[in-house]
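Examination of the molecular architecture
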Amino acid sequence: MAEILLFHHALGLTIGLQSFAERLRANHHVVHCPDAYSGQTFKNLDDGLRFAQDIGHDALEEVANRAYRQHRDAAVVIGFSLGSSQAQQLAQHKRRIKACLLMGGAQAPESLGGDWRHTCHLQLHVADPDEWVDPDVVEGLMYRAPNGELFRYNSKGHMFVDPSSRDYDADAADQFEDRVVDWLATIDADAGEAWARF
């Protein structure tokens, strides 16, 4: 069982993301979903991005840091698009975070004030191509995380995993979810081995 902080994309904490979190809970994981939008959601990505800009980067970062402080057993972060920055920031700077999954977003480690921690597991999922994700940044992050995994989804829209989004693709979303579940099981196994060695 993993305890997870899940950070939403620019459309907000949509019903689609809430349903995904519920399915992870059904797999015996504990999932917390910090809501930077205080319940507001958007159907249009541009509207969501304008709202996020009004909130500001510092406020979004504080949402992540507050969630980290409140949920002291959380060791896994998952970020979708806009939320990938929140997840990656915690993964790079908080030693308690052991694993990070990014969907539809990635930052150059130095832009977040540091480097990737080699002890933190990384899995990255991106549509290919994706106008919202810089392929050079993706390659650079994977170079810094030599044990990371990268999955590309050809000819899919940016947020193909969320049925609340116009980009939704059911088959690709199922494939993504299967990979997430398998990855979390691997993280659990690694944690168990480390505890046994201790």
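Please read all numbers here as calculations on a predicted model, not as lab measurements. (Residues numbered from 1 in each chain as written. Predicted model: local features only at pLDDT ≥ 70, side-chain atom pairs only at ≥ 80, totals over all residues. Heavy atoms only, no water.)

Here the structure, examined in full by the defined rule, presents eight salt bridges. A salt bridge links Asp-169 to Lys-156; the shortest N-O distance between them is 3.1 Å. Of this pair, Asp-169 sits in the loop between β6 (149–154) and α6 (170–197) while Lys-156 sits in the loop between β6 and α6, placing them 13 residues apart in sequence. The exposure class of Asp-169 is partly exposed, given its relative accessible area of 23%. When salt bridges that share partners are traced, they join Glu-110, Asp-115 and Arg-144 into one network. (Salt bridge = Lys/Arg side-chain N within 4 Å of Asp/Glu carboxyl O. Helix = DSSP H or I, 4+ residues; strand = E, 2+ residues; numbered from the N terminus. Buried < 20%, exposed > 50% of the residue type's maximum accessible area, 1.4 Å probe, protein only.)

Let us now look at the sheet that holds strand β4 (residues 99–103). Ordered by their spatial adjacency, six strands build an open sheet running β2-β1-β3-β4-β5-β6, and the pairing between neighbours is parallel. The open sheet terminates on both sides in strands that have one partner only, identified here as β2 (30–32) and β6. With strand direction ignored, the average angle separating the axes of adjacent strands in the sheet is 15 degrees. Of the pairings in the sheet, the one linking strand β5 (residues 121–128) to β6 comprises six bridges and is parallel in character. Directly across from His-125, in β6, lies its bridge partner Phe-151. Along the sheet, helix α1 (residues 15–26) contacts β1 (3–7), β2 and β3 (76–80); its crossing angle with β2, the most-contacted strand, is approximately 160 degrees. (Pairing = 2+ DSSP bridges. Axes fitted to C-alpha atoms, helices over the stretch in contact; angles between N-to-C directions. Contact = heavy atoms within 4.5 Å.)

This brings us to the packing of aromatic side chains. Throughout the structure, instances matching the rule amount to seven aromatic pairs. When the ring of Phe-20 is compared with that of Phe-80, the centres are 5.8 Å apart and the planes differ by 85 degrees; the resulting orientation is edge-to-face. With Phe-20 in helix α1 and Phe-80 in strand β3, this residue pair connects regions lying 60 residues apart in the sequence. The pair formed by Phe-20 and Phe-80 is uniform in burial state, with each residue classed as buried. Aromatic pair Phe-80 and Phe-176: ring centres 6.1 Å apart, planes at 70 degrees, arrangement edge-to-face. Of this pair, Phe-80 sits in strand β3 while Phe-176 sits in helix α6, placing them 96 residues apart in sequence. Residue class for Phe-80 comes out buried when judged on its relative accessible area of 1%. (Phe/Tyr/Trp six-rings, centres within 6.5 Å; stacked < 30°, edge-to-face > 60°.)

The buried fraction of β4 amounts to five of the five residues, a majority that puts the element mostly inside the structure. Of the two faces of β4, the one holding Ala-99, Leu-101 and Met-103 and the one holding Cys-100 and Leu-102 are both buried throughout. Note that β3 and β4 share five bridges and pair parallel. Across the sheet, residue Phe-80 finds its bridge partner in β4, namely Met-103. In this view, the connection linking β3 to its parallel neighbour β4 by way of helix α4 (residues 82–93) has right-handed handedness. Here β4 pairs with β5 via five bridges, running parallel. Note on β5: the bridge partner recorded for Leu-101 is Gln-123. (Right-handed = clockwise from strand over helix to strand, strands pointing away.)

We now examine the confidence of the model for the chain. Looking at the chain, the pLDDT average stands at 93 and 95% of residues meet or exceed 70. The low-confidence segment residues 192–198, where pLDDT is below 50, has zero contacts with residues more than four positions distant or belonging to other chains. (pLDDT = per-residue confidence, 0-100.)

Across the five residues that make up β3, a large majority, five, are buried. Residues of β3 alternate between two faces, with Val-76, Ile-78 and Phe-80 on one and Val-77 and Gly-79 on the opposite face, all of them buried. Alignment of β1 against β3, held across four bridges, turns out to be parallel. If you follow Leu-5 over to β3, its bridge partner there is Val-77.

Residues Val-138, Leu-141 and Met-142 constitute the buried set of helix α5 (residues 135–144). One side of α5 carries all its buried residues, which in axial view fall inside an arc of 100 degrees. The exposed residues of α5 that point more than 90 degrees off its buried face are Asp-136 and Tyr-143. In this structure, the buried side of α5 is in contact with α4, β4, β5 and β6. Capping of α5 at its N-terminal end is provided by Asp-134; its side-chain oxygen lies 2.8 Å from the backbone amide nitrogen of Asp-136. (Arc of directions from axis to C-beta. Polar contact = N/O pair within 3.5 Å; in protein donor to acceptor, adjacent residues only side chain to side chain.)

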